[in-house]
Every structure is written in structure tokens, then in C-alpha cells.
Amino acid sequence: MPPAMVVGVIGATGAVGVEMIDCLYTRKFPLTKLVLFASERSAGKTVDTPYGSIKVEPFSVEACHRCHFVLMAVSGGFSKEFAPKITAGGPADGVKSIVIDNSSAWRYDKEVPLVIPEVNAAAMKGKTLVANPNCTTTTASMALWPMHQHFGIKKAFVYTYQAASGAGEAG
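Within each chain, residues carry numbers counting from 1 in the order of the written sequence. Thresholds applied to this predicted model are a pLDDT of at least 70 for local features of residues and 80 or more for the giving and counting of side-chain atom pairs; totals over whole chains, interfaces and linings are not thresholded and use all residues. With hydrogens and water excluded, all non-hydrogen atoms of the structure serve as input to the side-chain values.

Looking at helix α3 (residues 76-87)
- Under the scheme used here, helices are H or I runs from DSSP no shorter than 4 residues and strands are E runs no shorter than 2 residues, and both carry numbers assigned from the N terminus. Each helix should span, by expectation, one fewer than its residue count multiplied by 1.5 Å. With 12 residues, α3 extends 16 Å between its outermost C-alpha atoms, agreeing within 8% with the 16 Å of an ideal straight helix rising 1.5 Å per residue.
- Along α3, the residues classified as buried are Ser79, Phe82, Ala83, Ile86 and Thr87. Looking straight down α3, one finds that the buried residues subtend no more than 125° of arc, so they occupy a single side.
- Note on contacts: a residue pair is in contact if any heavy atoms of the two residues lie within 4.5 Å. Elements that come into contact with the buried residues of α3 comprise β1 (6-10), α2 (61-64), β6 (69-72), β7 (98-101) and β8 (129-131). For every residue, the accessible area (1.4 Å probe, protein chains only) is compared with the maximum for its type, and the residue is labelled buried under 20%, exposed over 50%, or partly exposed between those bounds. The directions from the helix axis to the C-beta atoms form the arc being described.

Here it is in C-alpha cells:
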């Protein structure tokens, strides 16, 4: 039997958090427990997920220390404050949390790998904090990477129109 794999999602009730949960399920990530974290406003509510109904917990660093992976679908300020605390340590049972941050907070930090798993997954090896590029960069890179490997792309001109999408689900 594979080892227990606990995954936490911070910002689980927002549009990005909900999508993260769906991706975990669709891609059959081998988790044994899913922990949902949200603000006090959503904590205590029970939400329907592909894994069944799960009660949302209030966020705490200590609760994240019980998770092997913590996906952050929160603001950059929140991530800057709490990601280092989550990765700094955990309980005596040996769980070392790996944080994967979806905000822009760590994208320019030389110590934090900026990762698109389909392109450069090896950059994550041994890291406890991982950043991901924005949605446009990720999508473009996934399309351009195979072409670059085959043809050797030297330059690409990319234009985006993100003002409406930045408004979130309500927009």
C-alpha cells in the first residue's frame, strides 16, 4: 500500500482553489486525504468536491504541517507571510510540507523554482517551495516547449488580453 499522502488547499472555496481540487481528482493524484483551508468566512462550511463532502478548516500553519503538499490559491501577500512558515518545519512525525504557490509572490525569487511540470519538473527536486508562472505563460510554454525542442525557437511574440479574466469568476 502506498504511503499516506495528505494534500491541503489554501483558498479552497475560491475559483482557483476549486479548479485545483478538480485537477487533483481528474489527474488521479494519489492523495489519501484532502484538507480544505479557507478564510474565517468559509471555515466550518461543508463543500461538495469530487472526493465527497469535506468540511472547510480555518487556515493555520500548524494544520498545514500535517500536509505533505500545500497548494496555495491566495494573494501574494498571504503567500509571502505564510509559505516560509509552512515549509520551515512540521510536527515530530516527519511530515515536511512542500508548498506550491499560485500567486506571483515568488516568481522572481532566485531561490524558488518557477515550474511548469510538463516543461521543467526536475527544477522542483529537493525544493520545499515552488512557484508557477501565470496562466498565459504556462499555456504558451506548454505549446512552445515541444516546438522549441524540435525546431529551436529563438523568439516568440505573444499578446494577451487579460483585463476581463483578472476579475475572476464574477467578471
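Quick notes on the side chain of Ser97
- Structurally, Ser97 is set in the loop between α3 and β7.
- Given the relative accessible area of 0%, Ser97 is considered buried.
- Under this definition, polar contacts are N or O atom pairs within 3.5 Å; protein pairs additionally need one hydrogen-donor-capable and one acceptor-capable atom, and for neighbouring residues in sequence, both atoms have to be side-chain atoms. Engagement of the side chain of Ser97 in a polar contact is seen with the backbone oxygen of Cys64, the distance being 3.0 Å.
- There is a polar contact of 2.7 Å between the side chain of Ser97 and the backbone oxygen of Cys67.
- Apart from the residues within four sequence positions on either side, Ser97 is in contact with Cys64, His65, Cys67, His68, Val70, Ile86, Thr87 and Thr128.

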